[in-house]
Amino acid sequence: ILFKLSRRILDSVKAKIRKDNAKIFINYDFLETIHNFFQGNWKEISEYDKDLVKRNLNIGEIWDASQYLFWHCALKIYQGSFDTAKSIMHELDEIIMVYENDFSLLLKYELNIFLLIEYRKLNEALNEIDKAVSIVESARFNMYLFDMYSYKVWVYTLMGDMEAAEKYLARAIKIRPEINAIPIILSTFYRSQSEFWLHRLQESIKIGNKSELFECRKKVVKSSRMLVSVSKRAAIHRTESYKLRGTYFWLMKKQKKALKCWRKAITEGERLEARLELSRVYFEVGKRLREPGSRYKELNGIRAEEYLEKTEVLFKEMDLKWDLDELNRLRV
């Protein structure tokens, strides 16, 4: 439903919610959390309450407790607060160990996939995706299967295995008509699809394949536009959506448009405190501005090397070793 309407509903019941009623309170907090998470009001999300989770588990509300932990943990991952995220995931582990609940296990797999992909521990991420797939296939959770195929496209693209990435992209596209995908799952799909076609576009430019370049341009334009659109309803990859769009324009030598997109990415990333994606926006901007063909020397009054310095600080803070290696290779 519309964000304004859902906000009005939440506000209308807020005064009636009693904290001593664990089941009702965790439901309200969970709904308000996903509302703020999707809309992009990340600073409005309250810290997770360990005692509230415990009280709900004591009355058998496993689903509510697991969902509550999932959304608070997802937020911490994309804000780059990995220690807090791992602490929350440990609580989910304990629920799985005690209650042997498949849905809780699936949520844990998804969080771990987020974490492993963002750390660029790609082989480990693939193993975790395969474990999740074994659950969703047996339970016929096609929406989650669609999600897992999207992750595989993303991981294989990062690994440079474009044949495998294309195979799983085709699988995701095939089952998409069977599901009513919610915005956050569509966001993962369009991000993976955009990354795939952007990689193919760069390769076609490099080897001078004009026929493939034309096809890739159309695909990147469509998928990146859809990613920006769906990110208005699910903010998880909103920062990245502007970054990828900017990279497309830069490759097409439309540098002014690229800078406009990257400016939006930085503004949104800083507003959300989405340090994970923001650090990679800084890297992309710094990398592109220092290219010989760049007509611009700065963005928002900041020069290329300054962006790379900001990048390095964030990469080190979040212990992103794969990204630090990329940064070091650029500086050689």
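Read on for a plain summary of the structure. (Residues numbered from 1 in each chain as written. Predicted model: local features only at pLDDT ≥ 70, side-chain atom pairs only at ≥ 80, totals over all residues. Heavy atoms only, no water.)

## What to know about the overall build of the chain
- The number of helices and strands found in the chain is 16 helices and two strands.
- Expected size for 332 residues packed as a compact globule is a radius of gyration near 20 Å; at 21 Å, the chain falls within 12% of this value.
- Seen through its principal axes, the chain has C-alpha atoms that stretch 65 × 45 × 40 Å.
- When the 332 residues of the chain are sorted by exposure, 55% land in the buried category.
- Nonlocal contacts in the chain, meaning residues at least 24 apart in sequence, comprise 64% of its contacts between residues at least 6 apart.
- If you sum the accessible surface of the chain, you get close to 16,100 Å²; carbon and sulfur atoms cover 51% of it.
- With 59 positive and 48 negative side-chain charges, the chain shows a spacing of 8 Å between the two charge centroids. (Helix = DSSP H or I, 4+ residues; strand = E, 2+ residues; numbered from the N terminus. Rg over C-alpha atoms; globule rule 2.2 N^0.38 Å. Buried < 20%, exposed > 50% of the residue type's maximum accessible area, 1.4 Å probe, protein only. Contact = heavy atoms within 4.5 Å. Areas by Shrake-Rupley, 256 points an atom, 1.4 Å probe, with all protein chains shown as cover. Lys, Arg positive; Asp, Glu negative; His and termini not counted. Charge placed at Lys NZ, Arg CZ, Asp CG, Glu CD.)

## Details of helix α12 (residues 238–251)
- Taking 1.5 Å of rise per residue, 14 residues should cover 20 Å, and α12 covers 21 Å from first to last C-alpha, within 8% of that figure.
- For α12, the tally of buried residues reaches 14 of 14 residues, placing the bulk of the element in the interior.
- Positive backbone phi, approximately 65°, marks Lys253, located one or two places after α12. (Expected span 1.5 Å × (residues − 1).)

## Notes on the packing of aromatic side chains
- According to the stated counting rule, one finds 21 aromatic pairs in the structure shown.
- Judged by centre distance (5.1 Å) and plane angle (35°), the ring pair of Phe146 and Phe189 falls under tilted. In this pair, Phe146 is assigned in helix α8 (residues 142–159) and Phe189 in helix α10 (residues 183–207), connecting sequence segments 43 residues apart.
- Exposure remark for Phe146: the relative accessible area of 0% places this residue in the buried category.
- Look at Phe189 and you get buried, because its relative accessible area is 3%.
- Measuring from centroid to centroid gives 5.5 Å for Trp250 and Trp262, while their planes differ by 35°, and the two rings are tilted. In this pair, Trp250 is assigned in helix α12 and Trp262 in helix α13 (residues 255–272), connecting sequence segments 12 residues apart.
- Of the residues examined, Trp262 reaches a relative accessible area of 0% and is grouped as buried.
- Grouping aromatic residues by their ring pairs yields a cluster made of Phe37, Phe38, Trp42, Phe70, Trp71, Tyr78, Phe114, Tyr151 and Trp154.
- Sitting above the plane of the Tyr119 ring, Lys121 keeps its charged end 5.3 Å from the centroid. (Phe/Tyr/Trp six-rings, centres within 6.5 Å; stacked < 30°, edge-to-face > 60°. Lys NZ or Arg CZ within 6 Å of the ring centre and 35° of its normal.)

## Considerations on the side chain of Glu268
- Mapped onto the elements, Glu268 comes out in helix α13.
- Setting aside its immediate chain neighbours within four residues, Glu268 contacts Arg238 and Thr239.

## Here we look at the environment of Met162
- Looking at where Met162 falls in the secondary structure, it is placed in helix α9 (residues 162–175).
- The spatial distance from the C-alpha of Met162 to the C-alpha of Gln67 is 34 Å, given a sequence separation of 95 residues.
- Residues in contact with Met162, not counting those within four places in the same chain, are Thr157, Phe196, His199 and Arg200.

## A word on helix α3 (residues 50–58)
- Turning to α3, its buried residues are Leu52, Val53, Asn56 and Leu57. In an axial view of α3, the angular spread of the buried residues amounts to 135°, which keeps them on one side of the axis. Along α3, exposed side chains directed more than 90 degrees from the buried face belong to Lys50, Lys54 and Asn58.
- Of the surrounding elements, those touching the buried residues of α3 are α2 (22–39), α4 (62–78) and α5 (82–99).
- Near the N-terminus of α3, the side chain that reaches the backbone nitrogen of Asp51, with its oxygen 3.0 Å away, is that of Asp49. (Arc of directions from axis to C-beta. Polar contact = N/O pair within 3.5 Å; in protein donor to acceptor, adjacent residues only side chain to side chain.)

## Here we look at the packing of α12 against helix α14 (residues 275–289)
- One way to put it is that α12 packs onto α14 with a least axis distance of 9 Å and a crossing angle of 15°. As judged from the angle between their axes, α12 and α14 are roughly parallel. Judged by the sense of rotation from one axis to the other, the crossing of α12 with α14 is left-handed. Residues Arg238, Thr239, Glu240, Lys243, Thr247, Trp250 and Leu251 of α12 form the contact with α14, whose participating residues are Glu277, Leu278, Arg280, Val281, Glu284 and Arg288. (Axes fitted to C-alpha atoms, helices over the stretch in contact; angles between N-to-C directions. Parallel < 35°, antiparallel > 145°, perpendicular 65-115°, else oblique. Left-handed = near helix turned anticlockwise from the far one by under 90°.)

## Looking at the nonpolar core
- Within the largest apolar cluster, 120 residues are counted, with the highest numbers of intra-cluster contacts made by Phe37, Trp42, Ile77, Leu111 and Phe114.
- If you tally residues by element for this core, the top one is α4, at 11 residues.
- Filtering out sequence-adjacent residues up to four positions away, Ile77 remains in contact with Phe82, Ala85, Leu111, Phe114, Leu115 and Leu276. (Core = buried A, V, L, I, M, F, W, Y, C linked by side-chain atoms within 4.5 Å.)

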